[in-house]
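# Architecture and fold: a report
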Amino acid sequence: MEQKIDFRIQKTHMALSKAFHELLQEKRFEDITVSELCERAMVRRATFYKHFADKNEFFEFFIRQVQEDMNQGLPKADDTDDFKRFYARMVCHVLNYMEDNEKMVKLILKSSMQLTLVEILSEQLIQDCITKIKLDREKGIQYPASPNTMASFYVGALMFTIRFWYLSDKRMTKEEIQKEIQAIVDSINHDCTAAE
C-alpha cells in the first residue's frame, strides 16, 4: 500500500516538473500561475497544495531536480591531479548543461528567482571543490585559503560570470567564455605546490 502512495506522489511531481519546464520555455517564472501549472500537468490545485505551500516552494523543489540532473557527469574530485584542470572540466560541464537548457535558464535568470537558482546550483559545485581541495591538501599541496573560501570564490565567480554571459545575450561563444574563464584561472598564482 505504501509503495502505491510513493508512486502516485512521484508521478504527480514528475507531471508538475514536466509542465513547469515546458512553461519556463514560454514565459518568466513570475508570469506562471499555479492554476496554469496544474492545468498543464493535469493535476488538481488541491493536490498541488497538498505537496507544496506555494509556487516558490515548488520552484525550489524543481531547481533541486535540475541540480541533480546537472550533477550527473560532473568531474569527480579524484579524477584529476590539478585543481585548475578539475575546475576547467567543471566549467565545461556547467556551460554545456546551461546551453542544453538555454531557454529555461535564460528565463529564470531574468526572473526574481535568479538568486535561488544560483544558490541551489552552486551547492554541489562548492562541495565538489571543497572535496578536491581537501584531497590535494592530503597530498601535501598548499592553498592560500581554506577549502570553503577557495570553493566559494571559484564557484561564485563561475556562476555570476555565466549569469553575466547569459544576460548579455551570449555575445561570446561558449568556447570563448570558457577560454576567458580558464585564462583568468591560469593567471592566478595560488602557489599550489606540494609541501617539501
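The rules we used
- Residues numbered from 1 in each chain as written.
- Predicted model: local features only at pLDDT ≥ 70, side-chain atom pairs only at ≥ 80, totals over all residues.
- Heavy atoms only, no water.
- 1 Å grid on protein atoms, 1.4 Å probe; cavity = no way out; pocket = protein on both sides within 12 Å on 5 of 7 lines; lining within 4 Å.
- Points joined across faces, edges and corners; volume = space filled by probe spheres on them.
- Helix = DSSP H or I, 4+ residues; strand = E, 2+ residues; numbered from the N terminus.
- Nonpolar A, V, L, I, M, F, W, Y, C, P; charged D, E, K, R; others polar.
- Expected span 1.5 Å × (residues − 1).
- Buried < 20%, exposed > 50% of the residue type's maximum accessible area, 1.4 Å probe, protein only.
- Arc of directions from axis to C-beta.
- Contact = heavy atoms within 4.5 Å.
- Axes fitted to C-alpha atoms, helices over the stretch in contact; angles between N-to-C directions.
- Parallel < 35°, antiparallel > 145°, perpendicular 65-115°, else oblique.
- Left-handed = near helix turned anticlockwise from the far one by under 90°.

## Some points on empty space enclosed by the protein
One pass over the full model with this rule turns up one cavity of 30 Å³ or more. Each pocket or cavity is described by its volume, and for the largest cavity that value is around 40 Å³. In this structure, the largest cavity is lined by Met-98, Val-105, Leu-109, Leu-117, Val-118, Met-159, Ile-162 and Arg-163. Only α6 (102–109), α7 (114–138) and α8 (147–167) provide two or more residues apiece to the lining of the largest cavity. For the lining of the largest cavity, the leading source of residues is α8, giving three residues. Broken down by class, the residue content of the lining of the largest cavity amounts to seven nonpolar, no polar and one charged.

## Some remarks on helix α9 (residues 174–187)
When the terminal C-alpha atoms of α9 are compared, their 20 Å separation across 14 residues agrees well with the 20 Å that a helix rising 1.5 Å per residue should span. The set of residues buried in α9 consists of Lys-174, Ile-177, Ile-181, Gln-182 and Val-185. All buried residues of α9 lie within an arc of 135° about the axis, which places them on one face of the element. Exposed side of α9, more than 90 degrees from the buried face: Glu-175, Lys-179 and Ser-187 are the residues found there. Looking at the packing, one finds that the buried side of α9 touches α5 (83–100) and α8.

## Notes on unusual backbone geometry
Phi at Met-42 is positive, roughly 55°, even though this residue is not glycine. Within the secondary structure, Met-42 is located in the loop between α2 (34–41) and α3 (45–51). Residue class for Met-42 comes out exposed when judged on its relative accessible area of 76%.

## Focus on the packing of α5 against α7
Running from N to C, α5 and α7 cross one another at 165°; their axes reach a closest spacing of 11 Å. The angle between α5 and α7 places the two elements in the roughly antiparallel class. For the pair α5 and α7, the crossing hand works out as right-handed. Where α5 approaches α7, its residues Phe-83, Phe-86, Met-90, Val-94 and Met-98 are matched on the opposing element by Leu-121, Leu-125, Asp-128, Cys-129, Lys-132, Ile-133 and Asp-136.

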